[in-house]
Amino acid sequence: MTERIREFLRNRRNEGQDVEPCLVVDLEVVRDNYQSFAKALPDSRVFYAVKANPAPEVLSLLASLGSCFDTATVAEIEMALAAGATAERISFGNTIKKERDIARAFALGIRLFAVDCAAEVEKVARAAPGAKVFCRILYDCAGAEWPLSRKFGCDPEMAVEVLDLAKRLGLEPCGISFHVGSQQRKVKAWDRALAMASQVFRDCAERGINLSMVNMGGGFPTKYLKDVPPVVQYGRSIFRALRKHFGNQIPETIIEPGRGMVGNAGIIESEVVLISRKSDEDEVRWVYLDIGKFGGLAETMDE
Ligand SMILES: Cc1ncc(COP(=O)(O)O)c(C=O)c1O
């Protein structure tokens, strides 16, 4: 917790307001995090994953620092635009979109879309003609505290077909994306994903499709209780992997940090309402808060 947050909470309590639970974010920490990403991966463009915290203040700060934005919904696109980002700095990174939302995004000027199957390519081709698409590939997320499910992404062999179809339907197949799993503690986790991406580049090139971009997703961890490697170590490891798999033809790269950008910038203040035991022999205490699993503590699920 930063001194600024501590002071904010102290003042709030001293003012004697009816103190509700609240989340306080220190924008200076977000600024530092953005700068650390920009420094650790100087050749990658940062697309902040808006879902991590879409507060207007966070988005405006990042827009002013030059960040781009990875969005999952039309509402997020509108928030990023309202914060000052221009449409060419926003991607619609959700692989599962309603066709009318694709059309709405296209009308708002968005030209970069994620896909991971033929049916989604067909929707994008109809609703966003000529747009750029990148195909998300599946990755097993070993080493991540929050591995993502198999819901998003396809096998690399299928990615080639998906991008081929995109080209035939008049879209611009531009690259590959993956996500190594959230709160990824292994700095080398990107290596195998980049190997897979480079194979898709080669297979596409054989079909006359020249890809130019790898979206390396999020996954950069934040410090909660346990220490995590600093982002500079991730940067070095990713650069080595890019050299290893792409040689001297390193593509344009994108990163989409969410948790790593805002996770350590805020704190939730909540009040303990009751501490109890269920029997005299009970070895555990039940601590009841005035905040719920679905009101900010989703990650306590299954813990
Ligand atoms: C496409 C995409 N990009 C970026 C992120 C952000 O990931 P993280 O918070 O692990 O950095 C997510 C999270 O689910 C995602 O699905």
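Refer to the structure presented above.
Small disclaimer: the values here were computed from a predicted structure and weren't measured.

Quick notes on the rules
- Residues numbered from 1 in each chain as written.
- Predicted model: local features only at pLDDT ≥ 70, side-chain atom pairs only at ≥ 80, totals over all residues.
- Heavy atoms only, no water.
- Near = heavy atom within 4 Å.
- Polar contact = N/O pair within 3.5 Å; in protein donor to acceptor, adjacent residues only side chain to side chain.
- Areas by Shrake-Rupley, 256 points an atom, 1.4 Å probe, with all protein chains shown as cover.
- Nonpolar A, V, L, I, M, F, W, Y, C, P; charged D, E, K, R; others polar.
- Helix = DSSP H or I, 4+ residues; strand = E, 2+ residues; numbered from the N terminus.
- Salt bridge = Lys/Arg side-chain N within 4 Å of Asp/Glu carboxyl O.
- Buried < 20%, exposed > 50% of the residue type's maximum accessible area, 1.4 Å probe, protein only.

**Remarks on the site of the ligand**
Right, so step 1: Taken together, A49, K51, D70, R136, H179, S182, G218, G219, E256, P257, G258 and R259 are the residues near the ligand.
Right, so step 2: K51 places a side-chain nitrogen or oxygen 3.4 Å from an oxygen atom of the ligand.
Right, so step 3: Take D70: an N or O atom from its side chain is 3.3 Å from a nitrogen atom of the ligand.
Right, so step 4: Summarising the interface, the protein chains cover 86% of the accessible area of the ligand, which totals 400 Å² for the free molecule.
Right, so step 5: In terms of residue class, the shell around the ligand is made up of two nonpolar, five polar and five charged.

**Details of the environment of K151**
Right, so step 1: Along the chain, K151 falls in the loop between β7 (144–146) and α7 (156–168).
Right, so step 2: Separated by 111 residues in sequence, K151 and A40 have C-alpha atoms that sit 30 Å apart.

**A closer look at the environment of L289**
Right, so step 1: Following the sequence through the fold, L289 ends up in strand β14 (residues 286–289).
Right, so step 2: Residues L289 and I275, spaced 14 residues apart in sequence, show a C-alpha to C-alpha distance of 9.1 Å.

**Thoughts on the pattern of salt bridges**
Right, so step 1: This model, assessed by the stated rule, comprises 17 salt bridges.
Right, so step 2: R12 is paired through a salt bridge with E269; the nearest N and O atoms lie 2.9 Å apart. Linking R12 in helix α1 (residues 3–14) with E269 in strand β12 (residues 266–269), this pair joins segments that are 257 residues apart in sequence. E269 carries the same exposure label as R12, and that label is buried.
Right, so step 3: In this structure, R126 and E99 form a salt bridge, with 2.8 Å as the shortest nitrogen-oxygen distance. With R126 in helix α6 (residues 118–127) and E99 in helix α5 (residues 99–107), this pair connects stretches of sequence that are 27 residues apart.
Right, so step 4: Through salt bridges with shared partners, a single ionic network connects E161, D164, R168 and R207.

**A short note on the environment of G295**
Right, so step 1: Here G295 shows up in the segment after β14.
Right, so step 2: Taking relative accessible area as the criterion, G295 reaches 47% and is therefore assigned partly exposed.
Right, so step 3: Taking the C-alpha atoms as reference, G295 lies 31 Å from A87; in sequence the two are 208 residues apart.

**Quick notes on the side chain of D282**
Right, so step 1: By the secondary structure assignment, D282 is in the loop between β13 (272–276) and β14.
Right, so step 2: A polar contact of 3.4 Å, which involves the side chain of D282, links it to the backbone nitrogen of V284.

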